[in-house]
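Understanding the architecture of this molecule
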Amino acid sequence: MKKQVLGLLIVVFGTISPLIAQSSVNDYKYVIVPNRYDFLNEDNKYQLNALTEFLFNKYGFNAIMKNEQFPQDLYSNSCLALVSNVTKHKGAFKTKLQIELRNCKNELIFSSEIGESREKDYKAAFNLALRDAFKSVEALNYEYKENKEIVSLAKVNINDEQEEIAKLKAELESLKKEQEVVKEVKSEVAPVKVESKVKDISFTENSKQDGNNISLETPKKVHAKETKNYLIAKPITNGYQLLNNLTNNIEYTIHATGFENVFIIKDKSGIIYKRGNAWVREYIEGERTVLDFLDVKF
């Protein structure tokens, strides 16, 4: 009798569980697919990540690779998306894969049945096992239904973003005004020939003039700095990590803005933007604007 009751409970809860998962999954508008899975040693090996994206889209989801440009609403509210992952389980003579979907709080929202394959060839085995696991995803009959609680989380992100963009606009406007002032001064002042070969000089109050010769003290302001080595841009969600090519240390973490080729620097002042063919970090130091010219490899 106890066995019959236990069997009935398993059937009942086995029936309810997919319904709970389905109603939860429908609250999320996007699925983010990673570029690499932990059990593989390179991005999109055996085209498994691309296949994951394809199958999610096939079954009605809006799947996006992690290194792709995000839609504006997802950029403003990362909680609109579920983050997918595929885990590999041990099995004798079998390849076993399972799909997981987690929200922005890393809470598990959905876990598929384990997909299996007996193929010996790795690429074929992973392909078939993943497709087998996606049968659980197909059974969800996913259909996005806006969840007001999740959508409301964007307000904080949008306010932060608008504040950063406002600061950025103010800095760019200040830079434009400085450039206009420099142009006006250059047009009014007659050119003076200087024999010394210097990249950037500024006149001090103690500068002396003798005939046509001008002696200059050490300039108080240096407006440009040159960086050694170069930086390697590693894509992350909504931006890049800029790594030192020699030490592999993270020099900057930058996030995209509403402007093309203009980035906000995380935990550091200023912005990084493209100027012609060069990348520049611009920030305020004391009462002066400093430009660091960066060599960035994308």
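The structure displayed is predicted, hence computed values, not measured ones.

Quick word on the overall build of the protein chain
- A tally of helices and strands in the protein chain yields 6 helices and 17 strands.
- Per-residue burial for the protein chain yields a buried fraction of 32% across its 298 residues.
- Long-range contacts, defined as pairs at least 24 residues apart, comprise 47% of the intrachain contacts of the protein chain with a sequence gap of at least 6.
- Surface summary for the protein chain: the accessible area is close to 20000 Å², and the carbon and sulfur share equals 51%.

With respect to the side chain of threonine 95
- Along the chain, the position of threonine 95 falls in strand E4 (residues 95-102).
- Judged by its relative accessible area of 11%, threonine 95 falls in the buried class.
- With residues near it in sequence (within four places) discarded, threonine 95 still touches Gly115, Glu116, Ser117, Ala125, Phe126 and Ala129.

A few points about the pairing of strand E11 (residues 239-244)
- Along E11, 5 of the 6 residues are buried, which leaves the element largely enclosed by surrounding structure.
- A loop of 2 residues connects strand E10 (residues 231-236) with E11, the two strands running antiparallel in sequence, and asparagine 238 in this loop sits at a positive phi of about 60°.
- Where E11 meets strand E12 (residues 250-256), 5 bridges bridge the pair, whose relative direction is antiparallel. Bridging across to E12, leucine 243 finds its partner in isoleucine 250.
- Where E11 folds back onto E12 in an antiparallel hairpin, the turn is made up of 5 residues, including asparagine 248, whose phi is positive at roughly 65°.

As for the environment of phenylalanine 134
- Position of phenylalanine 134 among the secondary structure elements: in helix H4 (residues 122-139).
- Excluding residues that lie within four positions of it along the chain, phenylalanine 134 makes contacts with Thr52, Leu55, Phe56, Tyr59 and Ile99.

Observations concerning the state of the cysteines
- This model, assessed by the stated rule, comprises 1 disulfide.
- Two residues share a disulfide in this structure: cysteine 79 and cysteine 104, whose sulfurs sit 2.1 Å from each other. Sign of the S-S torsion, about 90° for the bond between cysteine 79 and cysteine 104, identifies this disulfide as right-handed. Placement of cysteine 79 in the loop between helix H3 (72-76) and strand E3 (81-89) and of cysteine 104 in the loop between E4 and strand E5 (108-111) is noted, with a sequence separation of 25 residues between them.

Let's talk about the pattern of salt bridges
- In this structure the tally under the stated criterion is 7 salt bridges.
- A salt bridge links aspartate 73 to lysine 29; the shortest N-O distance between them is 2.8 Å. Of this pair, aspartate 73 sits in helix H3 while lysine 29 sits in the loop between helix H1 (2-25) and strand E1 (30-33), placing them 44 residues apart in sequence.
- Overall, the relative accessible area of 29% leaves lysine 29 in the partly exposed class.
- For arginine 36, the salt bridge identified is with aspartate 43, shortest N-O distance 3.0 Å.

Considerations on the side chain of serine 112
- By the element assignment, serine 112 lies in the loop between E5 and strand E6 (115-117).
- At 2.9 Å, the side chain of serine 112 forms a polar contact with the backbone nitrogen of isoleucine 99.

Thoughts on the packing of helix H2 (residues 48-58) against H4
- Across the interface, H2 lies against H4 with an axial gap of 11 Å and an inter-helix angle of 25°. The angle between H2 and H4 places the two elements in the roughly parallel class. As H2 packs across H4, the resulting crossing turns out to be right-handed. Facing H2, whose interface residues are Leu48, Leu51, Thr52, Leu55 and Phe56, H4 presents Phe126, Asn127, Leu130, Arg131, Phe134 and Val137.

Here's the deal with the packing of aromatic side chains
- On inspection of all chains with the given rule, the structure shows 12 aromatic pairs.
- A centroid spacing of 4.9 Å and a plane angle of 75° characterise the contact between phenylalanine 56 and phenylalanine 134, whose relative ring orientation is edge-to-face. Here phenylalanine 56, found in helix H2, pairs with phenylalanine 134, found in helix H4; they are 78 residues apart in sequence, far enough to count as distant.
- The class of phenylalanine 134 is buried, set by a relative accessible area of 0%.
- Every member of this aromatic cluster is reached through a ring pair, and the members are Tyr37, Phe39, Tyr46, Tyr122 and Phe126.
- Over the ring of tyrosine 283 we find arginine 281; its NZ or CZ atom is 4.0 Å from the centre of that ring.
- The ring of tyrosine 230 carries lysine 297 above its face, with NZ or CZ at 5.6 Å from the centroid.

Rules behind the numbers
- Residues numbered from 1 in each chain as written.
- Predicted model: local features only at pLDDT ≥ 70, side-chain atom pairs only at ≥ 80, totals over all residues.
- Heavy atoms only, no water.
- Helix = DSSP H or I, 4+ residues; strand = E, 2+ residues; numbered from the N terminus.
- Buried < 20%, exposed > 50% of the residue type's maximum accessible area, 1.4 Å probe, protein only.
- Contact = heavy atoms within 4.5 Å.
- Areas by Shrake-Rupley, 256 points an atom, 1.4 Å probe, with all protein chains shown as cover.
- Pairing = 2+ DSSP bridges.
- Disulfide = S-S within 2.5 Å.
- Salt bridge = Lys/Arg side-chain N within 4 Å of Asp/Glu carboxyl O.
- Polar contact = N/O pair within 3.5 Å; in protein donor to acceptor, adjacent residues only side chain to side chain.
- Axes fitted to C-alpha atoms, helices over the stretch in contact; angles between N-to-C directions.
- Parallel < 35°, antiparallel > 145°, perpendicular 65-115°, else oblique.
- Left-handed = near helix turned anticlockwise from the far one by under 90°.
- Phe/Tyr/Trp six-rings, centres within 6.5 Å; stacked < 30°, edge-to-face > 60°.
- Lys NZ or Arg CZ within 6 Å of the ring centre and 35° of its normal.

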